[in-house]
There are 2 protein chains.
Amino acid sequence: MENNENLKFESLYLKNQICFPTYAVANKILRRYQPLLRELDLTYTQYITMMVMWEKRKVNEKDLVEALYLKANTLTELLKKLKKKGYIDIEKDKEDKRNIVIVLTDKGLALREKAVNIPSCIYQDHWLSDEEFIVFKGLLDKMLKGNW
Amino acid sequence: MENNENLKFESLYLKNQICFPTYAVANKILRRYQPLLRELDLTYTQYITMMVMWEKRKVNEKDLVEALYLKANTLTELLKKLKKKGYIDIEKDKEDKRNIVIVLTDKGLALREKAVNIPSCIYQDHWLSDEEFIVFKGLLDKMLKGNW
DNA sequence: GTTAAATATGTCGCATACGATATAATGTAG
DNA sequence: CTACATTATATCGTATGCGACATATTTAAC
């Protein structure tokens, strides 16, 4: 009876989950970034938003939503904060007045010089081997693109 | 010059990140659970907490912190809510009065019957093949156990 | 044995993240 | 060309998740 019960509920054991360790590793990653990012006065979500800005220089909110796999309402508040810090400007799009245009400022661009050291700090502790990182990233990208 | 700049800041491109897709997949997973868990009146974090309770029946806060890779202050509020819903009871430990003892209630145990279908719903869309899931979970578990 | 360190938990403030819903602007069907 | 659908963004309320800090016990040092 006890064995039957174990069998029936096996799928609910924490150790058998895929989603839970994904969630836990993501939390662990965020905790790891925090002290490094504090020196740039950025949170993690602000940091990945700036990554897009450093690369594209000029986007609208929809571009960010797609690049970051977030929802627009999550970004609205965050963009106001980045604007307040002077890293971006927010303008109305003349062409399509529904859009906003987010533009990297000089101060925002300058921040990249301080940010450039972060990736090597983050990855230096060898959580995984180089080969494992490649496999891991391949699986993640597949999951992100997947339609589920 | 433009090429040099690309090279210098390559490590800051979103597409070269490992942490970002981990974070994005975790968000995607949480969004996927939400509608299913709403029927149980549980959030995702409450759900994984209940997983521990279904298995252990009786734990203290520290056990949960270790099992879920969260911080104690995150759990304090959450436990109050689970208590309010009647799924757990919270008592003082007589042996060591610093501890609290969290006990699964009958109502909490009964909830497991409704939860047992969730895992198959979640995993049915084949985000990855069975083999890929095994590899993925192996890497996640390694990262969780790693000391970084 | 008294004091200091360690442990377990709680409080507070901040920054997400989301669904539901609202609003404004644009596209489109007939 | 007008009503309706669609699109892009914003507002609101709820639930985390954390660091910093505070509190209450217990343990350990000497």
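Scroll up to find the structure.
Now for a look at the structure at hand. (Residues numbered from 1 in each chain as written. Chains lettered and ligands numbered in written order. Predicted model: local features only at pLDDT ≥ 70, side-chain atom pairs only at ≥ 80, totals over all residues. Heavy atoms only, no water.)

Here we come to the protein's contact with DNA strand D. In the vicinity of DNA strand D lie 28 residues, with A:Tyr23, A:Arg31, B:Thr43, B:Thr45 and B:Asn73 positioned nearest. Atoms of DNA strand D within 4 Å of the protein belong to the sugar or the phosphate in 80% of instances, the rest to bases. A:Thr76 has a polar side-chain atom sitting 3.2 Å from a phosphate oxygen of DNA strand D. In this structure, a base oxygen belonging to DNA strand D sits 3.2 Å away from a side-chain N or O atom of A:Arg98. For the surface near DNA strand D, the per-class residue count stands at 5 nonpolar, 11 polar and 12 charged. (Near = heavy atom within 4 Å. Polar contact = N/O pair within 3.5 Å; in protein donor to acceptor, adjacent residues only side chain to side chain. Nonpolar A, V, L, I, M, F, W, Y, C, P; charged D, E, K, R; others polar.)

With an RMSD of 0.0 Å, the operation that places chain A on chain B is a rotation of 180 degrees combined with a shift of 0.0 Å along the axis. Such a turn and shift between the copies fits a two-fold axis. (Least-squares fit on C-alpha atoms with pLDDT ≥ 70 in both.)

Our focus in this paragraph is the packing of aromatic side chains. A complete count under the given rule lists 19 aromatic pairs over all chains for this structure. Their ring planes at 65 degrees and their centres at 5.7 Å tell us that A:Trp127 and A:Phe133 sit as a pair that is edge-to-face. Note on accessibility: A:Trp127 and A:Phe133 belong to one class, buried. Consider the rings of B:Tyr33 and B:Tyr44, whose centres lie 4.8 Å apart with planes at 55 degrees: the pair is tilted. Here the residue B:Tyr33 occupies a position in helix α2 (residues 19-38), and B:Tyr44 occupies one in helix α3 (residues 44-56), the gap between them amounting to 11 residues. The burial state of B:Tyr33 is the same as that of B:Tyr44; both residues are buried. The structure contains a cluster of three or more aromatic residues connected by ring pairs, namely A:Tyr23, B:Tyr33, B:Tyr44 and B:Tyr47. Note that A:Arg112 overlies the ring of B:Phe9, its terminal NZ or CZ placed 3.6 Å from the centroid. (Phe/Tyr/Trp six-rings, centres within 6.5 Å; stacked < 30°, edge-to-face > 60°. Buried < 20%, exposed > 50% of the residue type's maximum accessible area, 1.4 Å probe, protein only. Helix = DSSP H or I, 4+ residues; strand = E, 2+ residues; numbered from the N terminus. Lys NZ or Arg CZ within 6 Å of the ring centre and 35° of its normal.)

Below, the discussion takes up unusual backbone geometry. For A:Tyr69, which is not glycine, the phi dihedral falls at a positive 55 degrees. Inspection of the secondary structure assignment puts A:Tyr69 in the loop between α4 (61-68) and α5 (72-84). Its relative accessible area of 28% is what places A:Tyr69 among the partly exposed residues. In this structure, B:Asp41 is a non-glycine residue whose phi angle is positive, near 55 degrees. You can call B:Asp41 partly exposed: its relative accessible area is 44%.

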